[in-house]
Amino acid sequence: MDLGTILTLLGVAVAAGVAGGILAGLLGVGGGIVIVPALYFALSLTGMEPGLTMQLAVGTSLATIVFTSLSSARGHYKKGAIDAGLLKLWAPSILVGVVLGSFTGGLIDGRILIGVFAAVAAVVALDMVLRGRKGEVTPKGFSKPAWAGFGVFAGTVSSMMGIGGGTVCVPLLNFLGYDIRRAVGTSAAIGFVIGLPGAIIYMLTGLGAEGLPPFSLGYVNLVAVAVIIPLTTTFAGVGVRLAHSIPQRALRLSFGLFLALTSARMLWDLASATRVA
């Protein structure tokens, strides 16, 4: 890689770290929804094979989420916005989903996954923006098998996409009757459950892969991790303060807008990939 490409990679990593950290604290998303496309764009400048580029971006994102989620969750815990009971109930099934998603992600046509995720994100965005709440917010009762199913779904999709889980978990928990701030805080903690095993599996499955850039441990690039983590962990605190200082309606609108933009970007990429194919 020439000097210009290296500087571009570093610049993109810095921007992704700042934006990802703020979003992690504000929306409980772990930052991966920003970090993955940013790394994909930057790494594509090196001429890497597209499939390998995506695997490296996802694996590296999951590694950064381990630390970003801890920083974000710590801030939300101090604000009393983490539901410990829900974590204990949900963590095992999410872990199962992460293992399934990390091992099988490469076997599923990426265009199908992008299309499904974009459609779901668009529907959830409309729900977050248009649906109002009246009276007290009360969690809805579901059996443990139902919660396990929700957890496996959230873990599988999140690990395939290289995201911390908030994009799936926050709207799901809010729909199920959880206060938006507790949904955000709990999802921030869930990011650790998703990031750690997911990153380890991507490291192991990528060992020996050809064409990886220097300082890569499997599908995790250690240089990008070293640049991004200090920024995401620092700016996650900024996002937490924003989440607990703005009205809940504004927080719902922020998350809805965030999902709408994410959906639009995915649909654009899907259309571009279809034209190329």
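Residues numbered from 1 in each chain as written. Predicted model: local features only at pLDDT ≥ 70, side-chain atom pairs only at ≥ 80, totals over all residues. Heavy atoms only, no water.

Applicable threshold: UniProt positions are given in the numbering used here, feature names are shortened, and annotations may be inferred rather than shown by experiment.
As annotated in an unreviewed UniProt entry, the protein carries the name Probable membrane transporter protein and is attributed to Limimaricola litoreus. UniProt lists a comment for the protein under the heading Sequence similarities (unreviewed entry), and it reads "Belongs to the 4-toluene sulfonate uptake permease (TSUP) (TC 2.A.102) family."

## Some thoughts on the overall build of the protein
The line we're drawing: Think of it this way: any DSSP run of H or I at least four residues long counts as a helix, any run of E at least two long counts as a strand, and we number them from the N terminus. Partly exposed describes any residue whose relative accessible area lies between the buried limit of under 20% and the exposed limit of over 50%, with all areas from a 1.4 Å probe on protein chains only and scaled to the type maximum. Only heavy atoms matter for contacts: two residues are in contact if any of them lie within 4.5 Å across the pair.
Helix and strand counts for the protein come out as 10 helices and 2 strands. Along its sequence from the N terminus, the protein presents helices and strands in the succession α-α-α-α-α-α-α-α-β-β-α-α. Out of the 277 residues belonging to the protein, those deemed buried represent 48%. Sequence-distant contacts in the protein: of pairs separated by 6 or more residues, those separated by 24 or more amount to 82%.

## Overview of the UniProt feature "transmembrane region" (unreviewed entry) in the protein
In this numbering, the UniProt entry assigns the feature "transmembrane region" (unreviewed entry) to residues 25–43, 55–77, 89–107, 150–176, 183–204 and 216–238. Taken as a whole, residues 216–238 contains 74% helix and 17% strand, while its terminal C-alpha atoms sit 30 Å from one another.

## Comments concerning unusual backbone geometry
For F215, which is not glycine, the phi torsion reads 60 degrees and is therefore positive. Structurally, F215 is set in the loop between α8 (180–205) and β1 (216–217). Note on F215: relative accessible area 62%, which makes it exposed.

## So, the packing of aromatic side chains
Selection criterion: Any Phe, Tyr or Trp ring, taking Trp's six-membered ring, that has another such ring centre within 6.5 Å forms a pair; planes under 30 degrees apart are called stacked, those over 60 apart edge-to-face, and the others tilted.
Enumeration over the complete set of coordinates arrives at 2 aromatic pairs. Summarising the aromatic geometry, the rings of W90 and W147 are spaced 5.5 Å apart at their centres and angled 80 degrees between planes, so their arrangement reads as edge-to-face. Of this pair, W90 sits in helix α4 (residues 84–104) while W147 sits in helix α6 (residues 144–161); the two residues are 57 residues apart in sequence, bridging distant segments of the chain. Per residue, the accessibility class of W90 equals that of W147, and both read buried. Aromatic side chains W147 and F150 sit 5.9 Å apart centroid to centroid with 85 degrees between the ring planes, which places their arrangement in the edge-to-face category. Placement of the pair is W147 and F150 together in helix α6, with a separation of 3 residues, close to one helical turn. Residue classification places W147 among the buried residues on the basis of a relative accessible area of 5%. For F150, a relative accessible area of 23% corresponds to the partly exposed category.

## What about the packing of α4 against α8?
Selection criterion: Between N-to-C directions, angles cover 0 to 180 degrees, with each direction set by a line fitted to C-alpha atoms, over the stretch in contact for helices. Every angle not falling under 35 degrees, over 145, or within 65 to 115 is termed oblique; those three ranges are roughly parallel, roughly antiparallel and roughly perpendicular. Two helices crossing with the near one rotated counterclockwise from the far one by less than a right angle form a left-handed crossing, whereas a clockwise rotation gives a right-handed crossing.
Their axes nearest at 9 Å, the elements α4 and α8 cross at an angle of 30 degrees. With respect to α8, the axis of α4 lies roughly parallel. Considering how the two elements wind past one another, α4 and α8 form a crossing that is right-handed. Residues L86, L87, W90, A91, I94, L95, V98, V99, S102 and F103 of α4 touch α8, and the partners they reach there are T186, A189, I190, V193, I194, P197, G198, I201, Y202 and T205.

## Let's talk about the pattern of salt bridges
To keep things clear, this is the line we draw: By definition here, a salt bridge exists when the distance from a side-chain nitrogen of Lys or Arg to a carboxyl oxygen of Asp or Glu is within 4 Å.
Counted by the stated rule, this structure contains 1 salt bridge. With a closest N to O distance of 3.9 Å, D83 and R182 form a salt bridge. In this pair, D83 sits in the loop between α3 (50–78) and α4 while R182 sits in helix α8, placing the two residues 99 residues apart along the sequence. By relative accessible area, which is 18% here, D83 ends up buried.

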